[in-house]
Amino acid sequence: MLSWYPDEAALGAALAYHRPAMDAADAWVEVQERLEGYCSVCQSRTAFQVNTGVMLGVHPSLREGLLCPDCGLVNRNRLLYDAIASTPLHDARRGLALEATTPLFVRLHARMPWLEGSEYFGPAHAPGEWVSFKEVLVQHQSITALGHADASLDLLVHNDVLEHVEDTAAALAECRRVLRAGGVCVFTMPFFPYREHTLRRGRQLADGSIEHIEPPEYHGDGLRSEGIYTFFHFGMDFLGMVRAAGFARVEVGMDFDVFRGYTTNNHRYGDEALMPPIVFRAWA
Ligand SMILES: [Zn+2]
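Bear in mind the structure is a predicted one, so any value in this text is a computation, not a measurement.

A.B. asks: Hey, could you run me through the coordination of the zinc ion in this one?
C.D. replies: The zinc ion binds to the protein through Cys39 (SG), Cys42 (SG), Cys68 (SG) and Cys71 (SG), with metal-donor distances spanning 2.2 to 2.4 Å. Taken together, the four donor atoms coordinating the zinc ion span angles of 105 to 112 degrees at the metal, a pattern that classifies the geometry as tetrahedral. Coordination of the zinc ion draws on donor residues from a single chain, spaced C-x2-C-x25-C-x2-C in sequence. Overall, cysteine 68 belongs to the buried group, its relative accessible area being 0%. In this structure cysteine 71 comes out as buried when scored by relative accessible area, which is 8%.

As structure tokens, then:
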């Protein structure tokens, strides 16, 4: 089950305690082809496919692995689903996910039919505009310019979006703006808790090009074949960024549970690249 930590010190203490078990389990999991376990989304026993072909050097990425063959969700997407499904959403009526064309959204929408889906189609589109995508109309939304009124949503969901946005503060402020008091933003992004300070990998120049500070990193994306550029590797100072955006509180959820297929990313090149199974809740 997810444990929710209220601040940096509580998360740091939990990581220090659980780390040896994480390392031992990851080393065992990565050499399995299939892993018998339980899928929180399917609510049934399954055999996870450990390696989905995303590699960290010679090691399989377990954050992008541990695929449930029944629902099609990998480790990090099932963890986010679990976090949303186990969050108390009393009388919630209106919510928005910043994805619409994914297996995760299909499962979330089946559970919460009031949840709207959306995708980002680029700067030429207006907030809320309906865009034809693969012969289906999908709503366009941007995390820095949502088409929703102030204090109009109970739930906002995003999934590995923030690292691709240059202005983190603007994105977090926009998420806060659309939430009602008591509403919650549940989200993931690559989070590196052993990194004290967030690493900026590049910056966008006035002409739209990108000045690279670190070697460019692109993440796979269902809409753009070239992938999306990654501006940041967020560190522990990210929690302060969420508080500065006006949220009442931020919680870090962690669930290292091999049976449910929740492990770290399995990065073996030093602590700073290790991503434990973590999800965020920011409460308005
Ligand atoms: Zn499943």
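A.B. asks: Would you mind going over the nonpolar core with me for this structure?
C.D. replies: Across soluble globular proteins, you tend to see nonpolar side chains buried next to one another. Leu11, Leu156, Leu162, Phe191, Phe238 and Phe280 are the most contacted members of the largest nonpolar core, which has 40 residues in total. Among the elements of the structure, helix 1 (8-29), strand 10 (153-159), helix 4 (168-178), strand 11 (179-188), helix 5 (238-244), strand 18 (249-254) and strand 19 (278-283) are those that each provide at least two residues to this core. Contact partners of leucine 156, with chain neighbours within four places excluded, come to Leu96, Leu146, Cys175, Val178, Leu179, Val184, Cys185 and Val186. One finds Cys39, Cys68, Ile84 and Val186 within the second-largest nonpolar core, a separate group that totals 30 residues.

A.B. asks: Help me understand helix 4, please; the structure alone is not making it clear to me.
C.D. replies: Helical geometry: 3.6 residues make up each α-helical turn, so side chains three or four residues apart lie on a common side. Three or more residues of helix 4 are buried, namely Thr168, Ala171, Leu172, Glu174, Cys175 and Val178. Down the axis of helix 4, the buried set is contained in an arc of 155 degrees. They therefore lie on one face. As for helix 4, its buried residues are in contact with strand 10, strand 11, strand 17 (232-233) and helix 5.

A.B. asks: Would you explain the sheet that holds strand 19 in this entry?
C.D. replies: Strand pairing in a sheet takes place through backbone hydrogen bonds and is either antiparallel or parallel in direction. The strand order across the open sheet built from seven strands is 1-18-19-11-10-6-7, with neighbouring strands paired in mixed fashion. On the outer flanks of this sheet lie strand 1 (3-5) and strand 7 (115-117), each paired with one strand and no other. Adjacent strand axes in the sheet meet at a mean angle of 20 degrees when their direction is disregarded. Taken together, the three bridges between strand 6 (residues 95-97) and strand 10 define a ladder with parallel strand orientation. Considered in strand 10, the bridge of glycine 95 is made with leucine 155.

A.B. asks: Before we go on, may I ask you to explain the pattern of salt bridges in this structure?
C.D. replies: As a working rule, side chains carrying opposite charge can pair if their charged atoms are close by. For the structure shown, the criterion picks out 20 salt bridges. Linking arginine 63 and glutamate 64 is a salt bridge whose minimum nitrogen-to-oxygen distance equals 3.9 Å. The shortest N-O distance in the salt bridge between arginine 195 and glutamate 272 comes to 3.2 Å. Placement of the pair is arginine 195 in the loop between strand 11 and strand 12 (199-200) and glutamate 272 in the loop between strand 18 and strand 19, with a sequence separation of 77 residues. Taking relative accessible area as the criterion, arginine 195 reaches 15% and is therefore assigned buried. Look at the salt bridges and you will find they share partners, linking Arg63, Glu64, Arg76 and Asp160 into a network.

A.B. asks: Could you clarify how one ought to interpret the pairing of strand 11 in this entry?
C.D. replies: Look at any regular strand and the pattern is simple: side chains alternate between the two faces of the sheet. Burial analysis of strand 11 places seven of its 10 residues in the buried class, the great majority of the element. For strand 10 and strand 11, the ladder comprises six bridges, and the chain directions are parallel. Residue pairing for strand 11: valine 157 is matched across the bridge by valine 186. Handedness of the crossover is the feature at issue here: the chain leaves strand 10, passes through helix 4, returns alongside strand 11, and the resulting connection is right-handed. Of the strand pairs in this sheet, strand 11 and strand 19 are connected by four bridges, and their pairing is antiparallel. Within the sheet, the bridge partner assigned to valine 186 lies in strand 19 and is arginine 281.

A.B. asks: Even after reading the chapter, I still don't get the packing of aromatic side chains, so can you show me in this structure?
C.D. replies: Geometry of an aromatic ring pair is reported as the spacing of the ring centres plus the angle between the planes. Summed over all chains, the structure comprises nine aromatic pairs. Aromatic side chains tyrosine 218 and tyrosine 229 sit 5.7 Å apart centroid to centroid with 65 degrees between the ring planes, which places their arrangement in the edge-to-face category. Of this pair, tyrosine 218 sits in strand 15 (residues 218-219) while tyrosine 229 sits in strand 16 (residues 228-229), and the two are 11 residues apart along the sequence. Using a relative accessible area of 47% as the deciding quantity, one classes tyrosine 218 as partly exposed. You can call tyrosine 229 buried: its relative accessible area is 6%. Ring centres of phenylalanine 238 and phenylalanine 280 lie 5.2 Å apart, and the angle between their planes is 70 degrees; this geometry places the pair in the edge-to-face category. Separated by 42 residues along the polypeptide, phenylalanine 238 in helix 5 and phenylalanine 280 in strand 19 bring together distant segments of the chain.

Cut-offs and rules
Residues numbered from 1 in each chain as written. Predicted model: local features only at pLDDT ≥ 70, side-chain atom pairs only at ≥ 80, totals over all residues. Heavy atoms only, no water. Donors = N, O, S within 2.8 Å, 3.2 Å for Na, K, Ca; no water. Tetrahedral: all angles 85-135°; square planar, octahedral: opposite > 155°, others 65-115°. Buried < 20%, exposed > 50% of the residue type's maximum accessible area, 1.4 Å probe, protein only. Core = buried A, V, L, I, M, F, W, Y, C linked by side-chain atoms within 4.5 Å. Helix = DSSP H or I, 4+ residues; strand = E, 2+ residues; numbered from the N terminus. Contact = heavy atoms within 4.5 Å. Arc of directions from axis to C-beta. Pairing = 2+ DSSP bridges. Axes fitted to C-alpha atoms, helices over the stretch in contact; angles between N-to-C directions. Salt bridge = Lys/Arg side-chain N within 4 Å of Asp/Glu carboxyl O. Right-handed = clockwise from strand over helix to strand, strands pointing away. Phe/Tyr/Trp six-rings, centres within 6.5 Å; stacked < 30°, edge-to-face > 60°.

Note that all results are geometric; they support no functional claim without further evidence.
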